[in-house]
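Here is what each chain is made of, one letter per residue.
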Amino acid sequence: MTTVSSTAPADLDAFWRAIDDELAAIPAASESEASALHSTEHSTTSKVKLTSIGPYRIEIFLSIPHGDGPFPALLLAPGYGSVVTPPPYDDRMRYVAISIRYRGTRGADKPYAAKFPGLLTDGIENPDRWRFRGIFADTLRAFEYLCGLPMIDPDRVAIYGSDIGVIVAARRNRVNALAVTVPFFYRLADLYPTTEIYPFEEINDHLRAYPEGSEAVNRTLSYFDPLHHAARVTTNTLVCIGDPGVAGGPEWMAPLTEAFGGAVEQYAFTHEGQTDYDAVDRWLAQQQGVDPRPRTWLPQDIGPWSAAQQH
Amino acid sequence: MTIRGLARDHQTSVRRPADFDDFWDAIMAELAATPLDPILKLVPHRSTDAVEVYEIGYTSLDSVRIGGWYCRPRETWAKGPYPGLSIVPGYNSDPTLPKSWAKLGYAAIGVAPRGKLGSDTQFNPGYPGLLVHNIVDRNTYGYRGFYADAARAIDFLLSRPEVDKSRIGVHGSSQGGALTLTTAALRHDVIVCGAAGAPFLAGFMDCAAVTHSYPYEEINEYVRLYPEREEDVRSTLEYFDCVNFASKITRPFRIYVGLADDIVPPETGYDLVKAMTGEVEFVAYERCGHDAGIYWEMPNVETFLAKYLKPALADTGVHAQMT
């Protein structure tokens, strides 16, 4: 469980510097369009087109609170799926917040429409051609755009969500708070051979068709494993931890939490969705100097049909 | 912290249109008159020693072609005939590839109703978007075809010779929970049981009034922009409200909700149960949100479905992927 098979490639930094160089060489050419539909009494939401490496045109939802800034900034680190929505209402009230329609997802699916399942293994045997090389670049591009907005407080820039955030925080030193709620790329080479759960099963599907590709797949994954980037992350970090004895649990996550270059707190999931959401929200709010916005609704009881179902 | 009353004491404001049954009878008659034209294409690299995986297609309402996944046990893994199980997707989710259910012994279809990936060439309102697509017109509202596509998936299962037509169930969570209910109502002639988590699309306007979370927030956004259309919106949605479908469901059901769910407020779960006429197991999990307690509930869902559908490999240590 604690033995990590992935080792950092010798050219890891050169690989990521090349991505940074590609991004630096191509203008973002931002194009913002306010969305009356998604704007509220508290915030204005826009769709913003940006150019990432490729070149590829992506889209982000940008929400800016009403009132006098500067405001803390929040990047929602993307997950795996074709649908990306505007940032949650509660986040839009407190942060300059962005969610990213990365290449292949709805809103950024021309010319490339990702398949789900399918995206995870698109080009996976070559780190320079893996579709996620571009998707990580899309996230970095969106982060740069966020940091360049005049109404943000540059000392309060946070990332929340998937472990894509670890690599963004490692490659850009602007982040002051990082909350990693979902490990996805971390130890993926250790995880996929042990599971039949999608989307990780996509890699097993790929290797059924190309059994000779295992070594190449694992090599690609090593460039994107947050474990090999965490030492560069010196910001305050919260890592969410699953159950002992399984992937995502404390033993599984220990190599990552020990690798960070800054202060790390751990939050053990209760699996009560709203309890867990509120805990992470509270941590992030505290880091950023805003009020927490708990979603748990109280008081309630659990009703006459469920007396025997308490956990 | 939002303070409100007990979920079980809430009553939705949903009205049942006098012509609700006529509206849906006409749609189902139109659907029945449409040739299914099913196709299957084996996907060898996603198939395993236990399960064959197929990409599928069939024709639904308005001649829209619907895609999806179909997974069945290999004869060497489990002998047929197999119970049929329709796995219906959440709002933001991509269609499920139900390989894990087939490994349990089900012939399982992962439905991609119109607009989902795999069914988006003829209809694609986008996400966000579907919930308010033509929301002032019940005859072209996005969910008219969407509900029909999910119901039509049952015809696909019935077309398969390896499926036992007397053992067909449906399961999903969130929008999948809603589609579980609508499919069971529209195909009450066939569906034996259903398990619905955090059922969305019940008490639409009541829910939108107490949450700012997507997808219901789409309705708030629409009404904020077009306040003069609110009554038209409400009128349309009554034809699509799961509370109004619930009385058609007479077979055993399991419904589970999270009492702190901000995405699908749990109050409507209680109203659904009140309206259903069959045996209902209802479970409410404290402090759980839209997860609806799935961490604890998933084994119960497997057990419930197995009780009525009797897959060959229930209780053998094989488990389905969480929905």
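The structure contained in this document is the topic of the report that follows. None of these values were measured; they are calculated from a predicted model.

1. Looking at the overall build of chain A
Phase 1 of the analysis: The helix and strand tally for chain A stands at 9 helices and 10 strands.
Phase 2 of the analysis: The C-alpha radius of gyration of chain A comes to 20 Å, within 12% of the 19 Å expected for a compact globule of 311 residues.
Phase 3 of the analysis: Here chain A, with 311 residues, has 49% of them falling under the buried criterion.

2. What about unusual backbone geometry?
Phase 1 of the analysis: Following Lys-110 of chain A, the chain continues into Pro-111 of chain A via a peptide bond in cis, with omega recorded as 10 degrees.
Phase 2 of the analysis: As for its position among the elements, Pro-111 of chain A is in the loop between strand E5 (96-101) and helix H3 (131-147).
Phase 3 of the analysis: Positive phi, close to 60 degrees, is recorded for Ser-63 of chain B, a residue that is not glycine.
Phase 4 of the analysis: Under the C-beta neighbour-count criterion, Ser-63 of chain B is labelled exposed, with 10 such atoms within 10 Å.

3. A look at the sheet that holds strand E2 (residues 39-42) of chain B
Strand pairing in a sheet relies on backbone hydrogen bonds, with the paired strands running either antiparallel or parallel.
Residues and elements named next belong to chain B.
Phase 1 of the analysis: Taken together, the 9 strands give an open sheet; going across it, the order is E2-E3-E4-E6-E5-E7-E8-E9-E10, and neighbouring strands pair in mixed fashion. Each having just a single partner strand, E2 and strand E10 (280-285) make up the two edges of the open sheet. Neighbour to neighbour, the strand axes of the sheet diverge by 20 degrees on average, direction disregarded.
Phase 2 of the analysis: Note that strand E5 (residues 82-87) and strand E7 (residues 163-173) share 6 bridges and pair parallel. Along E7, the bridge assignment pairs Pro-83 with Asp-164.

4. Focus: the sheet that holds strand E8 (residues 236-241) of chain A
All names here are of chain A.
Phase 1 of the analysis: In spatial order, the strands read E1-E2-E3-E5-E4-E6-E7-E8-E9; together these 9 strands make up an open sheet with mixed pairing. Among the strands making up the open sheet, the edge pair consists of strand E1 (31-34) and strand E9 (264-268). The average angle at which neighbouring strand axes cross in this sheet is 20 degrees, direction not considered.
Phase 2 of the analysis: Lying on the sheet, helix H8 (residues 250-259) is in contact with E8 and E9; it crosses E8 at an angle near 165 degrees.
Phase 3 of the analysis: Contacts from helix H9 (residues 273-288) reach strand E4 (71-77), strand E6 (152-162), strand E7 (177-182), E8 and E9, with the element oriented near 170 degrees to E7.

Conventions used here
Residues numbered from 1 in each chain as written. Chains lettered and ligands numbered in written order. Predicted model: local features only at pLDDT ≥ 70, side-chain atom pairs only at ≥ 80, totals over all residues. Helix = DSSP H or I, 4+ residues; strand = E, 2+ residues; numbered from the N terminus. Rg over C-alpha atoms; globule rule 2.2 N^0.38 Å. Buried ≥ 20, exposed ≤ 12 C-beta atoms within 10 Å, placed from the backbone. Pairing = 2+ DSSP bridges. Axes fitted to C-alpha atoms, helices over the stretch in contact; angles between N-to-C directions. Contact = placed C-beta atoms within 7 Å.

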